[in-house]
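# Report on the structure
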Protein chains: 2
Amino acid sequence: MKLPTICPKFEKAISLLSQRWTALIIYQLLMGPQRFNEIQTSIGISGKVLSDRLKDLESQDIIKREVIPETPVIIEYSLTEKGQSMESILKEIENWSQAWIKPDSKLLED
Amino acid sequence: MKLPTICPKFEKAISLLSQRWTALIIYQLLMGPQRFNEIQTSIGISGKVLSDRLKDLESQDIIKREVIPETPVIIEYSLTEKGQSMESILKEIENWSQAWIKPDSKLLED
DNA sequence: AAACTTACTTACATAAAGTAACTTACTTAA
DNA sequence: TTAAGTAAGTTACTTTATGTAAGTAAGTTT
């Protein structure tokens with residue numbers, strides 16, 4: 001019986017990025033602070049899951065939630081320094097995808 | 001009504017990495033070819049899901065499955081060139097995790 | 001022959017995600 | 001000044017994904 005022996009920090013990072021939608025949310029926020037509905041429509045996530053993820057990411061200090069007291073109130077999500085620092089990861093993924101993912105044929109080639 | 005407008009290649013890469021276990025499997029295989037049970041015990045994944053993932057990754061040409069006709073037969077999984085090329089992504093994640101993830105307190109600090 | 005190993009698969013249970021409708025507070029159009 | 005709309009969620013319910021444990025087939029070791 002052997003126990004998994006991967007660095008716990010690495011594992012934590014992986015489990016963060018392996019959660020559906022997290023990477024995409026961070027990616028969106030790299031373009032600047034955004035509101036709930038903007039994020040939702042731009043990545044096509046359900047309100048429920050977005051709400052979960054935002055709480056989760058906030059608790060991990062990756063994003064911050066700001067209440068801007070305009071009327072009506074505006075709630076703005078943005079990256080913290082820690083969140084910003086993930087840009088390098090997202091860029092690597094982007095580069096890799098451009099180099100290696102082939103555009104998906106719509107299965108229409110007859 | 002606005003449609004999500006993220007680059008499909010990037011999205012595909014993200015959805016690949018957002019699948020639980022995929023990143024960890026690739027990470028393991030970066031250390032060299034491995035057999036089913038080795039992967040399973042090293043990352044602590046269930047046989048069922050590992051089996052699913054390996055098929056999936058094989059179909060995406062990220063890993064290859066080789067039957068080595070020893071007796072008994074050995075089945076070895078290894079990265080393809082495409083799979084190997086993901087090393088940069090995994091390394092970025094590793095670096096980031098070292099810099100930004102704090103070791104998780106075991107909740108034991110009294 | 002009985003027990004063990006490898007590489008899986010199957011059946012069933014639980015957790016995560018999706019869908020759609022609802023809420024509360026404020027706003028604009030009729 | 002009521003009716004409908006927007007923003008930021010939440011709730012209830014369904015579907016999908018993952019986990020757990022046991023089973024299988026081929027070969028091995030005792």
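For the structure, see preceding data.
Below you will find a few notes about this structure. (Residues numbered from 1 in each chain as written. Chains lettered and ligands numbered in written order. Predicted model: local features only at pLDDT ≥ 70, side-chain atom pairs only at ≥ 80, totals over all residues. Heavy atoms only, no water.)

### Details of the packing of aromatic side chains
The final tally for this structure, using the stated rule, is 2 aromatic pairs over all chains. Pairing phenylalanine 10 of chain A with tyrosine 27 of chain B gives two aromatic rings, centres 4.3 Å apart and planes at 35°, and the pair type is tilted. Of this pair, phenylalanine 10 of chain A sits in helix H1 (residues 8–17) while tyrosine 27 of chain B sits in helix H2 (residues 22–29), which puts the two residues in different chains. We classify phenylalanine 10 of chain A as buried; its relative accessible area is 0%. (Phe/Tyr/Trp six-rings, centres within 6.5 Å; stacked < 30°, edge-to-face > 60°. Helix = DSSP H or I, 4+ residues; strand = E, 2+ residues; numbered from the N terminus. Buried < 20%, exposed > 50% of the residue type's maximum accessible area, 1.4 Å probe, protein only.)

### Regarding the protein's contact with DNA strand C
Taken together, 18 residues form the shell around DNA strand C, and within it Lys48 and Arg53 of chain A together with Ser51, Arg65 and Tyr77 of chain B come nearest. Sugar and phosphate atoms constitute 69% of the interface atoms of DNA strand C, taking the interface as everything within 4 Å of the protein. In the environment of DNA strand C, a base oxygen lies 2.8 Å from a nitrogen or oxygen atom belonging to the side chain of lysine 48 of chain A. Measuring from a phosphate oxygen of DNA strand C, one finds a side-chain N or O atom of tyrosine 77 of chain B at 2.4 Å. Elements that contribute at least two residues to the surface near DNA strand C include exactly helix H4 (47–59) of chain A together with helix H3 (36–43), helix H4 (47–59) and strand S3 (74–79) of chain B. Among the elements that line the surface near DNA strand C, the one with the most residues is H4 of chain B, at 4 residues. (Near = heavy atom within 4 Å. Polar contact = N/O pair within 3.5 Å; in protein donor to acceptor, adjacent residues only side chain to side chain.)

### Side note on unusual backbone geometry
Put simply, threonine 71 of chain A and proline 72 of chain A share a cis peptide bond, and its omega is 0°. Secondary-structure assignment places proline 72 of chain A in the loop between strand S2 (63–68) and strand S3 (74–79). Even without being glycine, tryptophan 21 of chain B reaches a positive phi, approximately 85°. Backbone geometry places aspartate 61 of chain B, a non-glycine residue, at a positive phi of 60°. Among the secondary structure elements, aspartate 61 of chain B is positioned in the loop between H4 and strand S2 (63–68). According to the relative accessible area criterion, aspartate 61 of chain B is partly exposed, its value standing at 41%.

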